Amino acid sequence: MPHTLPLRLHHHAWTTDDQEANRRFYEEVIGLPLVATWTEREVMSGAERAYSHTLYGLADGSALAFFQFADAKDQEEFRTSVHATPLRHIAFKVGAEVQEAILKRVDTADHAEANAHVIDHGFCVSLYVTDPNGLILEFAVDHPDVDRIDAEQRATAHADLARWLAGDHTSNNRWR
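Note that this is a predicted model, so its numbers are computed, not measured.

A. The arrangement of the packing of aromatic side chains in detail. The final tally for this structure, using the stated rule, is 8 aromatic pairs. Taking 4.9 Å as the distance between ring centres and 20° as the angle between the ring planes, the aromatic pair formed by Phe69 and Phe78 counts as stacked. A residue is classified by how much of its surface remains accessible, and Phe78, at 24% relative accessible area, is partly exposed. A ring pair is formed by Phe92 and Phe139, whose centres lie 5.5 Å apart and whose planes are at 20°; its orientation type is stacked. Of this pair, Phe92 sits in strand β5 (residues 89-93) while Phe139 sits in strand β8 (residues 136-142); the two residues are 47 residues apart in sequence, bridging distant segments of the chain. Of the two residues examined, Phe92 and Phe139, each falls in the buried class. Three or more aromatic residues joined by ring pairs make a cluster, and in this case those are Phe25, Tyr26, Tyr56 and Phe66.

B. Quick look at the nonpolar core. Ranked by internal contacts, the top residues of the largest apolar core, which has 21 residues, are Tyr26, Ile30, Leu64, Val129, Leu137 and Phe139. Elements supplying a minimum of two residues to this core: α1 (19-30), β4 (63-69), β5, α3 (96-108), β7 (124-130) and β8. In terms of residue count, the dominant contributor to this core is α1 (4 residues). Those residues in contact with Leu64, other than ones at most four positions away along the chain, are His12, Tyr26, Leu32, Thr54, Leu55, Tyr56, Ile90, Phe92 and Leu137.

What counts as what
Residues numbered from 1 in each chain as written. Predicted model: local features only at pLDDT ≥ 70, side-chain atom pairs only at ≥ 80, totals over all residues. Heavy atoms only, no water. Phe/Tyr/Trp six-rings, centres within 6.5 Å; stacked < 30°, edge-to-face > 60°. Buried < 20%, exposed > 50% of the residue type's maximum accessible area, 1.4 Å probe, protein only. Helix = DSSP H or I, 4+ residues; strand = E, 2+ residues; numbered from the N terminus. Core = buried A, V, L, I, M, F, W, Y, C linked by side-chain atoms within 4.5 Å. Contact = heavy atoms within 4.5 Å.

These figures come from the coordinates and say nothing about function on their own.
Okay, here's the thing in structure tokens:
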């Protein structure tokens, strides 16, 4: 059997306490269309649960998915606890125009808890936004030489990891 990579992300699932506030944020602020709403009853963890499952589409056909349970006890049981750290996030590749438009909509929506900010990582420039559920989203614009940078990183990835694990913690990001 040949070694193959997954074709793409199908979806990333999260919980939300308010499907409508979530819809407004993802459709009206971020610009992702609601592409499906599934309302179902299913046995989970030994009990029948009623829930809604919404999906917001990305250009490649993948999606962000959000669950909300009808029963408050079920919602609490399945709520995803977020360990607040900027390192736990979902990153999306975007063009500069899309990144600028998202930032403008976030600013216009006066969504203070979004904590929108931009960081230049050298190999990409990223806009970070926090959604109403505490999920951090990154919208990354690749460096113009992304193909060369990617090729160099692929060629040295194992050696760079071995160097790091051996205790050499110097930066190898010469684009920053």
